[in-house]
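Fold and contact review
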2 protein chains.
Amino acid sequence: MAIKESTLDALFNPESIAIIGATPDEKRIGGRPLAYLQKNNYKGSIFPINPKYDVITGLKCYGSIAEINQTIDLAIISLPKNLVLDKFKECAENGVRSVVIFSAGFGEVDEEGKQQQEEITSIAKKHNVRVLGPNCLGMFNVNKGVYATFSTILEKQTLIKGKIGFVSQSGAFGSHVYTLARQNHIGLSHFIATGNESDVDVADCIAYLAQDNETEVIACYIEGAKDGEKLINAFKLAAENNKPVVALKVGTTNVGKKAALSHTGSLAGSDDVYDAIFEQYGVYRAETIEEFLDVAYASAELPIPKGDRVAIFTVSGGVGIMLADQLSERHLSVPETPQDVQEKLKEMLPIAGVKNPIDTTAQLNAIPNLLDDFIDTVLGSGKYDSTIVFLAFTGLMPEVLEKRILTLKDISNKYKDIPLITVTLNTEESKKTIIDNGLVLSDDPTRAVNMLKALNFYREHFNRKLDESEKKLKQTISISSQSSVLTEYEGKKLIQQYDIPVTKERLATSPEEAVILAKEVGFPIAMKGMSPEILHKTDEGLVYLNIDNEKDVEQTFQILKNKVDNIQDAQFDGVLIQEMLTDDSVEMFIGSKSDPVFGQVILVGMGGIYIEILKDAAIRKAPVSVEEAERMVNELRGSSLLKGARGKQPYDVKALCNLISNFSQFIANAEDSIQELDLNPIMVFEKGKGVKVADALITLKK
Amino acid sequence: MAIKESTLDALFNPESIAIIGATPDEKRIGGRPLAYLQKNNYKGSIFPINPKYDVITGLKCYGSIAEINQTIDLAIISLPKNLVLDKFKECAENGVRSVVIFSAGFGEVDEEGKQQQEEITSIAKKHNVRVLGPNCLGMFNVNKGVYATFSTILEKQTLIKGKIGFVSQSGAFGSHVYTLARQNHIGLSHFIATGNESDVDVADCIAYLAQDNETEVIACYIEGAKDGEKLINAFKLAAENNKPVVALKVGTTNVGKKAALSHTGSLAGSDDVYDAIFEQYGVYRAETIEEFLDVAYASAELPIPKGDRVAIFTVSGGVGIMLADQLSERHLSVPETPQDVQEKLKEMLPIAGVKNPIDTTAQLNAIPNLLDDFIDTVLGSGKYDSTIVFLAFTGLMPEVLEKRILTLKDISNKYKDIPLITVTLNTEESKKTIIDNGLVLSDDPTRAVNMLKALNFYREHFNRKLDESEKKLKQTISISSQSSVLTEYEGKKLIQQYDIPVTKERLATSPEEAVILAKEVGFPIAMKGMSPEILHKTDEGLVYLNIDNEKDVEQTFQILKNKVDNIQDAQFDGVLIQEMLTDDSVEMFIGSKSDPVFGQVILVGMGGIYIEILKDAAIRKAPVSVEEAERMVNELRGSSLLKGARGKQPYDVKALCNLISNFSQFIANAEDSIQELDLNPIMVFEKGKGVKVADALITLKK
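Just so it is clear, the model here is predicted, and its values are computed rather than measured.

Calculation notes
Residues numbered from 1 in each chain as written. Chains lettered and ligands numbered in written order. Predicted model: local features only at pLDDT ≥ 70, side-chain atom pairs only at ≥ 80, totals over all residues. Heavy atoms only, no water. Helix = DSSP H or I, 4+ residues; strand = E, 2+ residues; numbered from the N terminus. Buried < 20%, exposed > 50% of the residue type's maximum accessible area, 1.4 Å probe, protein only. Contact = heavy atoms within 4.5 Å. Buried area = accessible area lost by both parts, 1.4 Å probe. Salt bridge = Lys/Arg side-chain N within 4 Å of Asp/Glu carboxyl O. Polar contact = N/O pair within 3.5 Å; in protein donor to acceptor, adjacent residues only side chain to side chain. Phe/Tyr/Trp six-rings, centres within 6.5 Å; stacked < 30°, edge-to-face > 60°. Lys NZ or Arg CZ within 6 Å of the ring centre and 35° of its normal. Pairing = 2+ DSSP bridges. Axes fitted to C-alpha atoms, helices over the stretch in contact; angles between N-to-C directions. Core = buried A, V, L, I, M, F, W, Y, C linked by side-chain atoms within 4.5 Å. Least-squares fit on C-alpha atoms with pLDDT ≥ 70 in both. UniProt positions renumbered as here; feature names shortened; annotations may be inferred. Parallel < 35°, antiparallel > 145°, perpendicular 65-115°, else oblique. Nonpolar A, V, L, I, M, F, W, Y, C, P; charged D, E, K, R; others polar.

**A look at the side chain of Ser198(B)**
Residues and elements named next belong to chain B. Structurally, Ser198 can be placed in the loop between β11 (188-193) and α6 (202-211). For Ser198, a relative accessible area of 7% corresponds to the buried category. Once residues within four sequence positions are removed from consideration, Ser198 is found in contact with Gln117, Ile120, Thr121, Val131, Gly133 and Pro134.

Below, the structure written as structure tokens:
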């Protein structure tokens, strides 16, 4: 899996930068990168290029890239659109290693622009030049002082070095989030806007950041990926390096998708599948801009907690209850404090709420050291993994705030493994003070809850074993058939070879054979007419159930044959003689479909109305391990039915999860041949009694 | 419904205020109300009471309430707990009309305190004094300058007059929200903390604010109501006066409920029922503190939109997509701009996104009047009901901001009926500037979306016709029975009288009679053994289906009788002869249960696993109108099944809704007799073919 030394180093960490279209006017697009580089003391060499000047802001100015007698790591092209292609060619031919193209007017506007963009892509490939853009705001690498951007957001602000690498498929969105981060004193390692992605795309950037030493957290804004496999590999790389990834993905609804299509022309793909991919590869999906930044910030500044137990300290009983509710709704636990802790707290303050939420009441302000002693006593019990301290509007009271900060710093230092989030209203000044003191801060209690939710999401994902099933060598399975659909008989014969248990069944081609096979299978039996031209047997009346004697077998054979013969263009393959499944069972559905971005994904749901009416399905990219299959089953709203709800015995979930994993492996291996595969229904019997696929429909790729 | 002139006027709008325990030290609890009243130029008379002083801050000081020779509207008691009861008695006996008690140590601490609190309640009733508290932070009425509170939040801040009446069951929570409001330049009409609610409770306050001329929006923080009916009446009063109510209710989870119980000792009741009550009576339930205040603020400052169509203006395509997604997820519509509007916009700016979201791009800053012209063109089409304008970080750029404010003010004035929310990052200063200019502002796009969601919630609720069924005179239905449970036969005979259609059925007490009745009902029939002692007939093997001949009827009668006779203490009432329901139908469930706070509530769900496993139920307080019943059905996740999913014909939803409404009316009238009533299953037939209750179980109150 490890990607070799990144070819993107020249782009994101260049030792030399040429600016094609440089000007001394720092208000102009071609002037800004130069000004930013100089202002921020970029350590490498800068080569302004503009035939109009000999010198710009003290630097020798060149007429063209060819005039510079050294290999350039990065060239920035800041020129009118019609000049871009020529200048880019010049770069490529002169060995420039990477290029950022600001100019717009390419793939995002018309067919001509699209063709020119494709030419950029092919030149880049041919000369092994990496390209960011066109139509892009560029990027900056804060720690190295690299500023290949014309964004005005840097004009007035000093940058904060940080651990968050931020990559955005939208420049304006990126600028906004950057500004919000700056306002909240949150630092970045990189800012990258990918623009039209003629070469370098969001997945490349994530993979780069996953390997960058200065980056500990990756935040990505996504409208749509072109190459799903590449995106997944980038997510995997981040997970392997224990770097939390937070994503904001838009186009969740049809309305949003339509808007996305007209924004960047990117095909959004199925949002459900993105959801599944994020869950499967440990990417936390933020719902709002605030949450996006909050989660990146908390992940960068706080340790991953060791467990899900949260201690709440509050000066308001009401907010304490609200926090307990919200943590609990997000599947975190708020366990009661141990008895001895309760007694100690009561001793210090009889009117305190001591069970968790721990309510210090307003007495906090009357008793010195109360907060220190309370938190120390509770966290010292070893029963909590993270904590929220709600201080109401202490941030507006400078004299009190100072004391609280000292306390919370001491506590954070003493309990280094326990993430602590301070919640208080703030002035601009107090916010800066608190953050400068190394505390993680939120204005709003619910936002703190979501930070802990995300940290716990990462804990769970980092703890998961590497997906074993993925380590199997991928063995391509090819299926050849004259028809585009396999009959139930053919399909089940095929999947049976890959450890997928199916009903006991034989194919009979004459009434006499049907009788022999029926006895072999054992009465009662089901009989189904087989024809590759008929997808839905029930609709055509080709399914007969509960046949329990030889005479009926013979007669039914004849009826089924006649029915198939009477359907135009339908070839008769025979009659399937199948055991009846009469044991108590739960019906499930497993299907696969080919996603345009991510390839074969599998769907698991309870049978019938659950999946059709309630859309209650769990989705993953194939293949999945048995453990991942179990998580899929647990995701289903109806899954309690499998575990023995309504006073019934539990069903064989283990066998079901094995089946799901085997199915996913099969579908991954047969990806090139199979378009769609539905197993429906699958009967899950009582615990220990296994599962059986009762019907299967395989549609092949053309 | 109209409540007579509020008896709470003396409390919330007093013309004279006595402060028992007044001191000149404004840092002390007894000093603060006096200081606040004087600082804020309270227009009425102030009477400090404290035997230690002759004069306090220039006012004559009295030794006791009796010394003042006039009727006092409001007395504030700020004394150590042990003095409270005596002084309160003195107030009551001296004709004081209302009292605020700050002191703690009553119902919230121990049994003794609880008894003393009960004494306060009974004295208050006897003397017709209204009491706020004890253990309460008090209240203030901003417009009248009434400050009956010791909260420190008023120490340094000047108050903003506003239209939001805010009532909180928690003082600390209230102070926090008040401070947040102040920080965001949001004014209040009233702030009321209800404390232990020995007399005046949250419902009283809502009802008062619903009738107060200065209050246009009511915000309430609720931990638990004691009297559900009173709370509902308060909500109704607010709705009648077209005043939006926003609630933050905590204790949503078991964890939170436990915390609530140990906080104020209030029984939280079922949170699902609160949810239902809020939905039914048009109260918007906020999930977070930010949303709580945002919704109150937006409702106070913006008109209720005429429809659900939102126009999005954005400087970032990405944020535009996100807004479209989020609006759409909240069931608001983001319709495409009309063709002619698109053409006009394209003319002004060819690179703009013109379909909605309308993306002005960063060209906004290059072309004067672009924003004005864009918004005017789009809103002028008459196709939009509300709008969000996303300006990224314009709030940080004072020179640009000034122009934007002018534009948006003009637009708001021109389109007075269209709520407009401006979204931008801000400094403390720019926030103030924008708000002072009368614009509604949000820092975050999603928060603006939630504001519009709430405004649309109120639009829908205010548009609903008054619930007709509630206008029916309540006729008490009494049911007497020796048993605590009615048999299916008795139960269905009873409900049939109240327009609830049931299966055709007769009760047979002998085999011969069974045969006669079976012929009357018509073969095939179902037969069920009846005994008031047996609640679950199927479990006892007392249900036989599809009996189609006389001989089987006779035999089955005997089998059933024997079975019942063999069950200890079970009385045999006979055998129910029932038609078989064979037509295509969907199974539903309707039940009622008695909520400790709100009385009889009804539950509607799809039959079987839907309600048991998926908890997919709609809940309301009984009774409900047919329209409300329809909303209940539409809330169900599985409701598309009723409307003809899976290629089937639609079912008789109209008949179902009539049934639900009739059932709810019956249950409301029989509230005193019935503990629980389950109709399960109800068969809903094809459209036009009606519904039938197939089984009913009535449990009576002891």
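**So, the interface of chain B and chain A**
Interface size is commonly expressed as the accessible area that is lost once the parts come together. Across the boundary between the two partners, chain B contributes 69 residues, which contact 69 residues of chain A. A buried area of about 5,300 Å², summed over both sides, lies between chain B and chain A, and 64% of it is on carbon and sulfur atoms. Seen at the junction of chain B and chain A, the total is two salt bridges. With its nearest N and O atoms 3.8 Å apart, the salt bridge here joins Arg447(A) to Glu290(B). Taken together, the connections running from chain B to chain A amount to 11 residue pairs in polar contact (both at pLDDT 80 or more). Residue assignment for the side of chain B that touches chain A shows that the elements contributing at least two residues are α5 (171-183), α8 (254-264), α10 (289-301), α11 (317-329), α16 (445-463) and α21 (609-612) of chain B. For the side of chain B that touches chain A, the element with the highest residue contribution is α11(B), accounting for 10 residues.

**A word on the pattern of salt bridges**
Residues and elements named next belong to chain A. Applying the stated rule across the entire model yields 68 salt bridges over all chains. Of the charged contacts, one joins Lys89 and Glu119 as a salt bridge, the two residues approaching to 3.6 Å between their closest N and O atoms. Pair noted here: Lys89 is in helix α3 (residues 81-93) and Glu119 is in helix α4 (residues 111-127), with a separation of 30 residues, a long-range link. Using a relative accessible area of 29% as the deciding quantity, one classes Lys89 as partly exposed. Since its relative accessible area comes to 33%, Glu119 is described here as partly exposed.

**Some points on the packing of aromatic side chains**
Residues and elements named next belong to chain A. What the rule picks out here adds up to 38 aromatic pairs over all chains. Between Phe140 and Tyr178, the aromatic rings sit 5.5 Å apart at their centres with planes inclined by 85°, giving edge-to-face as the arrangement. Taken as a pair, Phe140 in strand β8 (residues 138-141) and Tyr178 in helix α5 (residues 171-183) lie far apart in primary sequence, 38 residues in all. The exposure class of Phe140 is buried, given its relative accessible area of 0%. Through successive ring pairs, a cluster of aromatic residues spans Phe140, Tyr147, Phe166, Tyr178, Phe191 and Phe292. Lying over the aromatic face of Tyr274, Lys249 brings its terminal NZ or CZ to 4.5 Å of the ring centre.

**Describing the sheet that holds strand β24 (residues 574-579) of chain B**
Adjacent strands of a sheet form backbone hydrogen bonds with each other and so pair up, either parallel or antiparallel. Residues and elements named next belong to chain B. In space, the four strands of this open sheet follow the order β21-β24-β22-β23, with antiparallel pairing throughout. In this open sheet, the two strands that pair with only one neighbour each are β21 (505-508) and β23 (543-547). Strand after strand, the sheet turns through a mean of 20° between neighbouring axes, direction not considered. Taken together, the six bridges between strand β22 (residues 525-530) and β24 define a ladder with antiparallel strand orientation. Residue Lys528 lies in a different strand from β24, and its bridge partner there is Leu576.

**Focus on the nonpolar core**
Ranked by internal contacts, the top residues of the largest apolar core, which has 303 residues, are Leu231(A), Phe235(A), Leu231(B) and Phe235(B). Sequence-distant contacts of Leu231(B), that is, excluding residues within four places in its chain, are made with Val202(B), Ala203(B), Ile206(B), Ile222(B), Ala225(B), Tyr274(B) and Phe598(B).

**Digging into the relation of the copies chain B and chain A**
Once chain B has been moved 0.1 Å along the axis and rotated by 180°, it coincides with chain A to within an RMSD of 0.1 Å. Expressed as an axis order, the relation between the two copies is that of a two-fold axis. If distances are taken from each C-alpha of chain B to the rotation axis, the shortest is found for Glu428(B), at 3.7 Å. Interface overlap between copies is the fraction of interface residues in one copy that are interface residues in the other; for chain B against chain A it reaches 100%, indicating a shared surface.

**Overview of the UniProt feature "domain: ATP-grasp" (unreviewed entry) in chain A**
Annotation from UniProt places "domain: ATP-grasp" (unreviewed entry) at residues 492-528 of chain A. Secondary structure within residues 492-528 of chain A divides into 43% helix and 22% strand; the distance between the first and last C-alpha atoms comes to 14 Å.

**Observations regarding the packing of helix α12 (residues 339-348) of chain B against helix α13 (residues 370-380) of chain B**
When two helices pack together, their arrangement is given by the angle between their axes and by how far apart the axes lie. Residues and elements named next belong to chain B. Taken N-terminus to C-terminus, the directions of α12 and α13 make an angle of 170°; their axes are 10 Å apart at the nearest point. When the interaxial angle is binned, α12 and α13 end up roughly antiparallel. Along the contact surface, α12 presents Val341, Lys344, Leu345 and Met348, while α13 presents Leu370, Asp373, Phe374, Thr377 and Val378. Here the contact of α12 with α13 is composed, by residue class, of six nonpolar, one polar and two charged.

**Remarks on the environment of Thr57(A)**
Residue and element names in this part refer to chain A. Positionally, Thr57 belongs in the loop between β3 (55-56) and β4 (59-60). Between the C-alpha atoms of Thr57 and Leu34, which are 23 residues apart in sequence, the distance is 8.7 Å. If we ignore the near neighbours within four places in the chain, the residues touching Thr57 are Pro24, Leu34 and Gln38. A polar atom in the side chain of Thr57 sits 2.9 Å from the side chain of Gln38.

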